[in-house]
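Chains, contacts and geometry: an overview
Here are the chains, one letter per residue:
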Amino acid sequence: MAWVRAWRAGLVPFDELADEIAADEEHLVADAPGTWTDVPLPQGLPIFAKLHPDEIRLVLPVPGDPRGLPGPGELTGAALLAGEAVMTPSFGVVPEVRRHTSGSGVEFSTVLWRVHEAPEHRQVFQMGAAEAEAELTAALGEATARLTRLDVAQWKPELAGALQALRRPESTETLPLGFDPRSRRLFARASVLDQVLTLAETTAPGGAVNGYEAQQRDEALRPLTAACRQALVAACNSPLRP
């Protein structure tokens, strides 16, 4: 929701907002105040219209790390399941990806952003971009060293190569106007790394990884995954500048 924050800061026109968020996907909003059915994204975005940019926060929770969410309840449960939420002082919005098959057999998906009430939600302290960048760099170095010792290049060379390339990332992933160069660099790097970590979750072709090797790989990548998640949050929630 970096684009929503930029809109509320007056840096992005509302007319461009939905297209920037949805790209080529269909996005709907459910349970928005004053609506009785799912509405297209442009009709749901005005729920943020009275908020300051700093009141709109990205949260990327996982089981065991629900930081940024309220206590137990429907909102927290949905956010943990999705691994993502947008939190404000009075409500939270959680995405649900829905898969569909057309009559001709074409598969496609829609994203439904469901609004949940969160009265008097208190936002927690968040790591800044500088600290998050330092932690990401350290975690990447440690993960690369551990994977080298595990000889990951032998059974998944594309993963080893991708991690090495991340030391000099060249990414087109970007944030809207208003974010400083450090936050933009951090977001680009963490976005690429997130794709690499998704690759790492897949099994090597031909069953080249046994159970022990997979466990060692997961243990090596776990701190890096957490640092990547924190980096994305810090970049997207960093202070905006005119």
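Heads up: the structure comes first, above all this text.
Sequence positions are assigned chain by chain, starting from 1 and proceeding in written order. Only residues with pLDDT of 70 or above have their local features reported here, since the model is predicted, and side-chain atom pairs are shown and tallied only from 80 upward, although totals for entire chains, interfaces and linings are computed over all residues. For the side-chain quantities, the full set of heavy atoms in the structure was used; hydrogens and water were omitted.

1. Looking at helix H5 (residues 129-149)
Elements are defined by DSSP. Helices are runs of H or I of four residues or more, strands are runs of E of two residues or more, and each kind is numbered from the N terminus. Take the residue count of a helix, subtract one, and multiply by 1.5 Å to get its expected span. Here H5 is 21 residues long and its end C-alpha atoms lie 30 Å apart, about the 30 Å a rise of 1.5 Å per residue gives. Whether a residue is buried, partly exposed or exposed follows from its accessible area with a 1.4 Å probe, protein chains only, as a fraction of its type maximum: under 20%, in between, or over 50%, in that order. The complete set of buried residues in H5 reads Ala129, Ala132, Glu133, Leu136, Ala139, Leu140, Ala143, Thr144 and Leu147. All buried residues of H5 project into a common sector of 135 degrees when viewed along the axis, lining one side. Exposed residues pointing more than 90 degrees away from the buried face of H5 are listed as Ala138 and Arg149. It is the directions from the helix axis to the C-beta atoms whose arc is reported.

2. Quick word on a negative patch on the surface
On the surface, a cluster of negative charge is contributed by Asp15, Glu16, Asp19 and Glu20. Topologically, Asp15 is positioned in helix H2 (residues 14-22). Note on Asp15: relative accessible area 72%, which makes it exposed. Within the patch definition used here, like charges are joined within 9 Å and nonpolar side chains (Val, Leu, Ile, Met, Phe, Trp, Tyr) within 5 Å, considering only residues with over 30% relative accessible area and no salt bridge. Computed with a 1.4 Å probe, the accessible areas rest on the Shrake-Rupley method; for each residue, only the protein chains presented here act as cover. Each salt bridge in this description consists of a side-chain nitrogen of Lys or Arg and a carboxyl oxygen of Asp or Glu lying within 4 Å of one another. For the purpose of charge, His is not counted, nor are the chain termini; Lys and Arg are scored as positive and Asp and Glu as negative. Where a charge lies is defined by one atom per residue type, namely NZ (Lys), CZ (Arg), CG (Asp) and CD (Glu).

3. Focus on helix H4 (residues 74-82)
Along H4, the residues that are buried comprise Leu75, Thr76 and Ala79. Each buried residue of H4 sits inside an arc of 95 degrees when the element is viewed along its axis, so together they form one side. Across from the buried face of H4, at angles greater than 90 degrees, the exposed residues are Glu74 and Leu81. Gly83 sits one or two positions beyond H4 and adopts a positive phi of about 75 degrees.

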